[in-house]
Amino acid sequence: MFKHWRSDVEAVLTRDPAARTALEVILCYPSFRAVRRHRRAHWLWTHNMKLLARIVSQRTRRITGIEIHPGAQIGKGLFIDHGMGVVIGETAQIGDDVTLYQGVTLGGTGKDVGKRHPTIGNNVVIGAGARVLGPFTVGDGVKIGASAVVLKEVPPYATVVGNPGRIVRQAGKKPANADLDQVNLPDPVKERIESLTRRVEQMEKCLQRRIPQECEDCQQECCDDCLKNRKEEQKDEDL
Ligand SMILES: CC(C)(COP(=O)(O)OP(=O)(O)OC[C@H]1O[C@@H](n2cnc3c(N)ncnc32)[C@H](O)[C@@H]1OP(=O)(O)O)[C@@H](O)C(=O)NCCC(=O)NCCS
């Protein structure tokens, strides 16, 4: 229950530029409070005092807005920035030095039984409002963008964004391999619109070649009347 005290405080001090002293972290940070209380609830859970564990966990939720099921396994150095709206399911496992922002859900899809929540590796960052749903693994050093919805395993050191989550960086580089490149997938609607735009531009060029761009008479786009008048004037001049 007590062995992670120092790393829980250091997690906040090193990852939140707004945190100034250890005392401030202990007194003011919902993350520190929720994680400490979770360790107590988890101890009760694993020592077969499950109801008491649930009571502690639900009280933590009321105090901090962070709901961590007492069965969830959490490593050292977890930092939950701002906290409100975070949900961590019963069979979730979280490695060391993980950062979660507000509104993150580590949940199940409702389709699995037994292990139904994700396993998060070490040094993972999960952005505000992201949902990681299902019993798969998120590798070490992964970054998950704000509001992403991740439904599949993520390899280590990948950056995942969007809904459904797709890999946009692998070890800091854009995926070179076409199989890995899940960003530049063909978009048939976009391709059709681009093709129509090209045709319209081509037709406009053809029309411009036949009709002068701007009419000297009305100083506007050429109109039939102006063209007729100009032809008649030309005829008069020729005579
Ligand atoms: C995902 C994240 C960690 C990426 O950081 P990064 O490694 O520096 O990656 P980049 O900024 O180079 O972004 C990579 C690509 O993903 C896109 N991207 C980044 N974050 C995104 C997001 N949340 N949603 C959709 N696309 C996103 C970028 O536009 C970029 O696209 P490109 O390949 O077309 O250039 C970061 O953008 C993020 O979302 N962090 C969470 C922050 C947060 O929740 N803050 C809350 C504070 S209260």
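Check the entry above for the structure.
This report concerns the structure included in the present document. None of the values given here were measured: they were computed from a predicted structure. (Residues numbered from 1 in each chain as written. Predicted model: local features only at pLDDT ≥ 70, side-chain atom pairs only at ≥ 80, totals over all residues. Heavy atoms only, no water.)

1. Side note on the environment of Gly107
Working step 1: Note on placement: Gly107 falls in strand 7 (residues 105-107).
Working step 2: In this structure Gly107 comes out as buried when scored by relative accessible area, which is 8%.
Working step 3: Discounting residues that sit within four places of it in the chain, Gly107 has contacts with Arg116, His117, Pro118, Val132, Leu133 and Gly134. (Helix = DSSP H or I, 4+ residues; strand = E, 2+ residues; numbered from the N terminus. Buried < 20%, exposed > 50% of the residue type's maximum accessible area, 1.4 Å probe, protein only. Contact = heavy atoms within 4.5 Å.)

2. Observations regarding the sheet that holds strand 9 (residues 125-126)
Working step 1: In spatial order, the strands read 3-6-9-12-14-15; together these 6 strands make up an open sheet with mixed pairing. Unpaired on one side and paired on the other, strand 3 (79-80) and strand 15 (166-170) mark the two borders of the sheet. (Pairing = 2+ DSSP bridges.)

3. Considering the pairing of strand 14 (residues 158-161)
Working step 1: In this structure, strand 12 (residues 143-144) lies alongside strand 14, joined through 2 bridges in parallel fashion. By the bridge assignment for strand 14, Lys143 is matched with Thr159.
Working step 2: With 4 bridges connecting them, strand 14 and strand 15 associate as antiparallel partners. The residue bridging Val160 from the neighbouring strand is Ile167, located in strand 15.
Working step 3: Linking two consecutive strands that pair antiparallel, namely strand 14 and strand 15, is a turn of 4 residues; a positive phi of about 85 degrees is found at Gly162 within it.

4. Quick word on the sheet that holds strand 2 (residues 73-74)
Remark on secondary structure: sheet strands pair via backbone hydrogen bonds, oriented parallel or antiparallel.
Working step 1: One open sheet accounts for 4 strands, arranged 2-5-8-11; its pairing is parallel. Where the open sheet ends on each side, the last strands, each with one partner, are strand 2 and strand 11 (137-138).
Working step 2: Here strand 2 runs beside strand 5 (residues 93-94); their pairing, made up of 2 bridges, is parallel. Pairing of Gln73 across the sheet is with Gln93, part of strand 5.

5. A short note on helix 4 (residues 50-64)
Working step 1: Along its 15 residues, helix 4 runs 21 Å from first to last C-alpha, staying within 8% of the 21 Å computed at 1.5 Å per residue.
Working step 2: Along helix 4, the residues classified as buried are Ala53, Val56, Ser57, Thr60 and Thr64. One face of helix 4 carries all of its buried residues, which in axial projection span an arc of 95 degrees. Exposed residues lying more than 90 degrees from the buried face of helix 4 are Leu51 and Arg62.
Working step 3: Those residues of helix 4 hidden inside the fold are in contact with helix 3 (30-46) and strand 1 (66-68).
Working step 4: At the C-terminal side of helix 4, Gly65 shows a positive phi close to 80 degrees. (Expected span 1.5 Å × (residues − 1). Arc of directions from axis to C-beta.)

6. Describing a nonpolar patch on the surface
Working step 1: A cluster of nonpolar residues, Trp43, Met49, Leu51, Leu52 and Ile55, forms a patch on the protein surface that exposes about 490 Å² of accessible area.
Working step 2: Mapped onto the elements of the fold, Met49 is located in the loop between helix 3 and helix 4.
Working step 3: What makes Met49 partly exposed here is its relative accessible area of 32%. (Patch = residues over 30% accessible without salt bridge, like charges linked within 9 Å, V, L, I, M, F, W, Y side chains within 5 Å. Areas by Shrake-Rupley, 256 points an atom, 1.4 Å probe, with all protein chains shown as cover. Salt bridge = Lys/Arg side-chain N within 4 Å of Asp/Glu carboxyl O.)

7. Re the environment of Glu24
Working step 1: By secondary structure assignment, the location of Glu24 is in helix 2 (residues 22-28).
Working step 2: For Glu24, a relative accessible area of 19% gives the class buried.
Working step 3: For the pair Glu24 and Leu13, spaced 11 residues apart in sequence, the C-alpha to C-alpha distance is 9.5 Å.

8. Details of the site of the ligand
Working step 1: Ala128, Lys143, Gly145, Ala146 and Arg169 are the nearest of the 13 residues found near the ligand.
Working step 2: One nitrogen or oxygen atom from the main chain of Ala128 is found 2.7 Å from an oxygen atom belonging to the ligand.
Working step 3: The separation between an oxygen atom of the ligand and a polar main-chain atom of Ala146 is 3.0 Å.
Working step 4: In isolation the ligand has 910 Å² of accessible area, and contact with the protein removes 50% of it.
Working step 5: Contributing elements (two or more residues each) for the shell around the ligand: strand 14 and strand 15.
Working step 6: Of the residues in the shell around the ligand, the class split is 5 nonpolar, 5 polar and 3 charged. (Near = heavy atom within 4 Å. Polar contact = N/O pair within 3.5 Å; in protein donor to acceptor, adjacent residues only side chain to side chain. Nonpolar A, V, L, I, M, F, W, Y, C, P; charged D, E, K, R; others polar.)

9. Some remarks on the pattern of salt bridges
Working step 1: Inspection of every chain in the model, using the stated rule, returns 7 salt bridges.
Working step 2: A salt bridge links Arg39 to Asp8; the nearest nitrogen and oxygen atoms lie 3.1 Å apart. Residue Arg39 is located in helix 3, and its partner Asp8 is located in helix 1 (residues 5-15); the two are separated by 31 residues in the primary sequence. Asp8 matches Arg39 in its accessibility class, with the two residues each being buried.
Working step 3: Its salt-bridge partner being Arg116, residue Glu90 comes within 3.0 Å of it at the nearest N-O pair. Here Glu90 is found in the loop between strand 4 (86-88) and strand 5, whereas its partner Arg116 is found in the loop between strand 7 and strand 8 (119-120), with 26 residues between them in sequence.
Working step 4: With relative accessibility at 27%, the residue Glu90 sits in the partly exposed group.
Working step 5: What makes Arg116 partly exposed here is its relative accessible area of 25%.
Working step 6: Among the ionic contacts, a cluster of salt bridges with common partners joins Asp8, Arg36 and Arg39.

What is shown is where atoms sit, not what they do.
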